[in-house]
Amino acid sequence: MAKKCIICAKPFTPKFKTTERYCSNLDCKIKYAMQVASKQKLLKEKKVKQDWNKEKLQIKEKLKTLSEWKNDLQREINAIIREIDKGHGCIATKSHQGQQHAGHYISVGSNETLRFHLENIWLQSMHSNSWKGGDTIRYQDGIVDLYGIEYLNHLNSLKSIETIKLSIGDIKEKIPIARGILKWIKLQSRKFTTQERVILRKKFNQEIGIYK
């Protein structure tokens, strides 16, 4: 059965194997061999690059400090907050404008233990969170407007949570859990109600397992 040569495109009949891809012309044989060799070289180089990138990632992770691992987990936590609160305005200003942050009510600087507590973090505009230094008074007013003074008292009571010191190993265990939660929230693809925003925070706090 005639086939087309992959090099010169002329028809030819395979002599030995039906899988032959080039005709008997010597130039075609040489060019095909060169193409195969080039492809094999590229594949080998690609594998070497992939192996090196994998090794670099492993080295980088081994050299990561506790602070860097905390930042990695914080990014996942912040992404969860932005998804839970998507469609709602800034907790302090009610604004939907501009870049939206995940702003801590009780700052990380004043209480490191609460940095990952989902009830301590709410959607907040960059202006309110950064330029206004946390915008504490309006942040409190926003919580009261949505949930009442009792819930604000509950948030203030979080300060009494016993100090928690997470190891690198602890944080590495929490990151994939947080990523799984984030994936689940995105799959819901909807705006959560005011009450659901608290319910989900409590639920995911338990699933992540930092705060018992």
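Keep in mind that what you see is a predicted model, and the values were worked out from it rather than measured.

## A closer look at the packing of helix α2 (residues 66–84) against helix α6 (residues 168–188)
Here comes step 1: Close contact between α2 and α6 brings their axes to 9 Å; oriented N to C, the two are set at 20 degrees. As the angle between them shows, α2 and α6 are arranged roughly parallel. Of the two possible hands of crossing, α2 and α6 adopt the one that is left-handed. On the side of α2, the interface is formed by L66, W69, K70, D72, L73, E76, A79, I80, E83 and I84, while α6 contributes I168, I171, K172, K174, I175, A178, R179, I181, L182, I185 and K186.
Here comes step 2: Looking at side-chain class alone, the contact of α2 with α6 contains 13 nonpolar, no polar and eight charged residues.

## Quick notes on empty space enclosed by the protein
Here comes step 1: Under the definition given, this model contains one cavity of 30 Å³ or more.
Here comes step 2: Lining the largest cavity are K70, E112, T113, R115, F116, I164, K165, L166, I210 and Y211.

## Details of the environment of D85
Here comes step 1: With respect to the helices and strands, D85 occurs in the loop between α2 and β3 (100–104).
Here comes step 2: Each C-alpha atom, one on D85 and one on W122, is 7.3 Å from the other, the two residues being 37 residues apart in sequence.
Here comes step 3: With residues up to four places along the chain from it excluded, the contact list for D85 reads W122, L123, R197 and R201.

## Observations concerning the layout of surface pockets
Here comes step 1: Approximately 200 Å³ is the volume attributed to the largest pocket.
Here comes step 2: In this structure, the largest pocket is lined by 13 residues; those nearest its centre are F16, E20, Y22, C23 and K29.
Here comes step 3: For the lining of the largest pocket, the residue count by class is five nonpolar, three polar and five charged.

## So, the pattern of salt bridges
Here comes step 1: Summed over all chains, the structure comprises 14 salt bridges.
Here comes step 2: Across the salt bridge formed by R190 and E196, the nearest N and O atoms sit 2.8 Å from each other.
Here comes step 3: When salt bridges that share partners are traced, they join K64, D72 and R75 into one network.

Calculation notes
- Residues numbered from 1 in each chain as written.
- Predicted model: local features only at pLDDT ≥ 70, side-chain atom pairs only at ≥ 80, totals over all residues.
- Heavy atoms only, no water.
- Axes fitted to C-alpha atoms, helices over the stretch in contact; angles between N-to-C directions.
- Helix = DSSP H or I, 4+ residues; strand = E, 2+ residues; numbered from the N terminus.
- Parallel < 35°, antiparallel > 145°, perpendicular 65-115°, else oblique.
- Left-handed = near helix turned anticlockwise from the far one by under 90°.
- Contact = heavy atoms within 4.5 Å.
- Nonpolar A, V, L, I, M, F, W, Y, C, P; charged D, E, K, R; others polar.
- 1 Å grid on protein atoms, 1.4 Å probe; cavity = no way out; pocket = protein on both sides within 12 Å on 5 of 7 lines; lining within 4 Å.
- Points joined across faces, edges and corners; volume = space filled by probe spheres on them.
- Salt bridge = Lys/Arg side-chain N within 4 Å of Asp/Glu carboxyl O.

These results come straight from atomic positions and should not be treated as a statement about function.
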